[in-house]
Amino acid sequence: MAFKWYVVHTYSGYENKVKMSLQERIEIAGAQEFFSDILIPEEDVVELIRGKRRLPSESFSPDIFLFAWK
């Protein structure tokens, strides 16, 4: 059976918290075989702060993340 992709909208800044919550619920339900990956689309953005380079990862689309379900 092929996996299907679903989009979950979240509040901006809460993507990782929602991802962890979903992973915990999947484990508790014993449904690991029905889920493949939980992905948060991110990109690396270079920032210059006081002359120093910094590479924080930012969400590509801050209020959306994807997961696969069988």
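Residues numbered from 1 in each chain as written. Predicted model: local features only at pLDDT ≥ 70, side-chain atom pairs only at ≥ 80, totals over all residues. Heavy atoms only, no water.

The helix and strand inventory of the protein stands at one helix and seven strands. The N-to-C order of helical and strand elements in the protein reads β-α-β-β-β-β-β-β. Residue burial in the protein is summarised as follows: out of 70 residues, 14% are buried. A fraction of 65% describes how many contacts in the protein between residues 6 or more apart in sequence connect residues 24 or more apart. Working note: accessible area of the protein is about 5,700 Å², and carbon and sulfur atoms make up 55% of it. (Helix = DSSP H or I, 4+ residues; strand = E, 2+ residues; numbered from the N terminus. Buried < 20%, exposed > 50% of the residue type's maximum accessible area, 1.4 Å probe, protein only. Contact = heavy atoms within 4.5 Å. Areas by Shrake-Rupley, 256 points an atom, 1.4 Å probe, with all protein chains shown as cover.)

This next bit is on the side chain of E15. Along the polypeptide, E15 turns up in helix 1 (residues 15-29). There is no salt bridge for the buried E15, and the closest opposite charge comes from K19, which lies 11 Å off by N-O distance. At 3.3 Å, the side chain of E15 forms a polar contact with the backbone nitrogen of G13. (Lys, Arg positive; Asp, Glu negative; His and termini not counted. Salt bridge = Lys/Arg side-chain N within 4 Å of Asp/Glu carboxyl O. Polar contact = N/O pair within 3.5 Å; in protein donor to acceptor, adjacent residues only side chain to side chain.)

Our next topic: the packing of aromatic side chains. Applying the stated criterion across every chain yields a total of one aromatic pair. Look at Y11 and Y14: their rings are 6.5 Å apart centre to centre, the planes differ by 70°, and that puts the pair in the edge-to-face class. With a relative accessible area of 44%, Y14 lands in the partly exposed category. (Phe/Tyr/Trp six-rings, centres within 6.5 Å; stacked < 30°, edge-to-face > 60°.)

Any link to function would need more than the numbers given here.
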